[in-house]
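# Structural overview
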Amino acid sequence: GSVEVISEGAFSNCTALTNIVLPDSVNIIMDKAFSGCTGLKEITLSKNISQIKFRTFENCSSLEQIVIPDSVTSIDYCAFANCSALKHVTLPKSLTSIGKSAFDGCSVLESVALPDGLKSIDSKAFYNCSALTDTVLPDGLKSIGDNAFSGCVSFTSVTIPDSVTSIGDYAFRSCSKLKHVYYGGSDLQWKEIKVGY
């Protein structure tokens, strides 16, 4: 029969694995399925998965690009953490949340188009993404977590939409080139944003 589930840690630390094409019969990829696959350069994901789970591609240090299919609504904790060769990520329109440390340490990630339906960017989501250039935060975004963009030293400006209700501690810490912060709402709305603790 066709493969429907890639079980937890199924291919973790398979360092010789370079290329994977997952059939569309796959609807669940469990935690850590491909973590530590340091030789993995390319992967084509099934169009029927709804989550990129806990540590799925953590430490896949040769992975250069990935297209996340339109079925995916969440990218979970450390999903792509320390993918130090990852330059290009295509995020789907269906995505509503980017979890803690999802792209933490993706030091060559250059640009990410955040989809309009995105509601939350969790803590350390783009921590130390030092090559990441100015990213448009979509209208409809509600929360920016602690240290979400901390260490994004290539940021020069950021626009915060008026839909945002909370900005975590150190959200833009060490963004040393950040010169301009724009806000889409009124002074009163700005005062009502919960910042930090």
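Let me begin by describing the structure that accompanies this report.

Cut-offs and rules
- Sequence positions are assigned chain by chain, starting from 1 and proceeding in written order.
- Two thresholds apply to this predicted model, a pLDDT of at least 70 for residue-level local features and 80 or more for giving and counting side-chain atom pairs, whereas whole-chain, interface and lining totals are computed over all residues.
- To get the side-chain values, take all heavy atoms of the structure and skip hydrogens and water.
- For the purposes of this entry, the term helix denotes a DSSP run of H or I that reaches at least four residues, the term strand denotes a run of E that reaches at least two, and both are numbered from the N terminus.
- Working definition: with a 1.4 Å probe on protein chains only, accessible area under 20% of the residue-type maximum means buried, over 50% means exposed, and in between means partly exposed.
- Contacts were defined at the residue level, with two residues in contact if any of their heavy atoms lie within 4.5 Å.
- Only centres within 6.5 Å qualify two rings of Phe, Tyr or Trp (six-membered ring in Trp) as a pair; their planes then separate them into stacked at under 30 degrees, edge-to-face at over 60, and tilted for everything else.
- Only a pair of cysteine sulfur atoms within 2.5 Å qualifies as a disulfide here.

### Looking at the environment of Lys100
- Looking at the secondary structure, you find Lys100 in the loop between strand E9 (97-98) and strand E10 (120-121).
- Exposure remark for Lys100: the relative accessible area of 42% places this residue in the partly exposed category.
- Here the alpha-carbon distance between Lys100 and Leu188, two residues 88 residues apart in the chain, equals 30 Å.
- Excluding residues that lie within four positions of it along the chain, Lys100 makes contacts with Asp76, Tyr77, Cys78, Asp122 and Ser123.

### Focus: the packing of aromatic side chains
- Applying the stated criterion across every chain, the model contains 10 aromatic pairs.
- Ring geometry for Phe34 and Phe57: centres 5.5 Å apart, planes at 5°, overall stacked. In this pair, Phe34 is assigned in the loop between strand E3 (28-29) and strand E4 (42-44) and Phe57 in the loop between strand E5 (51-52) and strand E6 (65-67), connecting sequence segments 23 residues apart.
- Owing to a relative accessible area of 1%, Phe34 belongs among the buried residues under this scheme.
- Classification of Phe57 as buried rests on a relative accessible area of 0%.

### A look at the state of the cysteines
- By the definition in use, this model includes zero disulfides.
- Here Cys83 stays unpaired: no disulfide links it, and the sulfur of Cys106, its closest cysteine neighbor, is 5.1 Å away.
- The thiol of Cys129 is not disulfide-bonded; the next cysteine sulfur, from Cys106, is found 5.3 Å away.
- For Cys129, a relative accessible area of 0% translates into the label buried.

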